[in-house]
Amino acid sequence: QVQLVESGGGLVQAGGSLRLSCVASGSTFSSFSMGWFRQAPGKEREFVAVITWNGGVTRYVDSVKGRFTISRNYAANTGDLQMNSLKPEDTAVYYCAADRSDRFSDRTEAYDSWGQGTQVTVSS
């Protein structure tokens, strides 16, 4: 099993920036896709971004393209989500997730392990 620990959430004004970090440990298989999802109150968990183990391919939900950047350090099994030009609609609990099959998925069901979530609040 992969254990994930997140950090970096907080309160920020609209237009500001925040960087979320995720540290993975506890698995002999390190070749996982790392995804980020978010969930606002009363809404379903939403795909935000993913990066593959094989090739470092990235993709994003349309609403964050040009503002968010996902990255990872393969040797350290860590990942970051850099969030710029934040909007109030970005307010949510953000989760990192690992898919040990490296399927590059935007579906929650594809992921084996999840972090505890970190709250991001963007004020207007």
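Everything here concerns the structure above.
This section reports on the structure supplied with the text. (Residues numbered from 1 in each chain as written. Predicted model: local features only at pLDDT ≥ 70, side-chain atom pairs only at ≥ 80, totals over all residues. Heavy atoms only, no water.)

**Focus on the nonpolar core**
Counting 34 residues, the largest nonpolar core has W36, V48, F68, L81, M83 and Y94 as the members making the most contacts within it. Taken together, the elements giving at least two residues each to this core come down to β3 (18–25), β4 (33–39), β5 (46–51), β7 (68–73), β8 (78–83), β9 (92–99) and β11 (118–123). Not counting chain neighbours up to four residues away, the residues in contact with F68 comprise R38, V48, Y60, L81, Q82, M83, N84, L86, D90 and Y94. (Core = buried A, V, L, I, M, F, W, Y, C linked by side-chain atoms within 4.5 Å. Buried < 20%, exposed > 50% of the residue type's maximum accessible area, 1.4 Å probe, protein only. Helix = DSSP H or I, 4+ residues; strand = E, 2+ residues; numbered from the N terminus. Contact = heavy atoms within 4.5 Å.)

**With respect to the environment of V93**
One can find V93 in strand β9. Under the relative-accessibility criterion, V93 is labelled partly exposed at 22%. Taking the C-alpha atoms as reference points, V93 and A40, separated by 53 residues in sequence, lie 6.4 Å from one another. Not counting residues up to four positions away in its chain, the partners in contact with V93 are F37, R38, Q39, G117, T118 and Q119.

**A short note on the environment of T121**
Considering the arrangement of structural elements, one finds T121 in strand β11. As a C-alpha pair, T121 and S25 span 96 residues in sequence and 27 Å in three-dimensional space. Ignoring anything within four residues of it in the chain, the contact list for T121 reads G10, L11, V12 and T91. For T121, the side chain forms a polar contact with the side chain of Q119, separated by 3.3 Å. (Polar contact = N/O pair within 3.5 Å; in protein donor to acceptor, adjacent residues only side chain to side chain.)

**What to know about the packing of aromatic side chains**
Throughout the structure, instances matching the rule amount to six aromatic pairs. Aromatic side chains F37 and F47 sit 5.8 Å apart centroid to centroid with 75 degrees between the ring planes, which places their arrangement in the edge-to-face category. Here F37 is found in strand β4, whereas its partner F47 is found in strand β5, with 10 residues between them in sequence. Geometry around Y95 places R45 over its ring, the cationic atom sitting 3.8 Å from the centre. Positioned over the ring face of F47 is R59, at 5.8 Å from the centre of the ring. (Phe/Tyr/Trp six-rings, centres within 6.5 Å; stacked < 30°, edge-to-face > 60°. Lys NZ or Arg CZ within 6 Å of the ring centre and 35° of its normal.)

**Some details on the side chain of D99**
Examined against the element boundaries, D99 turns out to sit in strand β9. By relative accessible area, D99 is classed as buried at 0%. A distance of 2.8 Å separates the side chain of D99 from the backbone nitrogen of R103, its partner in a polar contact. Residue contacts for D99: discarding those within four places in its chain leaves S31, F32, S33, F104, A110, Y111 and D112.

**Overview of the sheet that holds strand β1 (residues 3–7)**
Strand-to-strand pairing in sheets goes through backbone hydrogen bonds, with the strands running parallel or antiparallel. Taken in spatial order, the four strands line up as β1-β3-β8-β7 in an open sheet, and their pairing is antiparallel. With one partner strand each, in any of the chains shown, β1 and β7 form the two edges of the open sheet. Adjacent strand axes in the sheet meet at a mean angle of 15 degrees, parallel and antiparallel pairs treated alike. One ladder, built from six bridges, connects β3 with β8; its direction is antiparallel. (Pairing = 2+ DSSP bridges. Axes fitted to C-alpha atoms, helices over the stretch in contact; angles between N-to-C directions.)

Interpretation in functional terms is not warranted from these geometric data alone.
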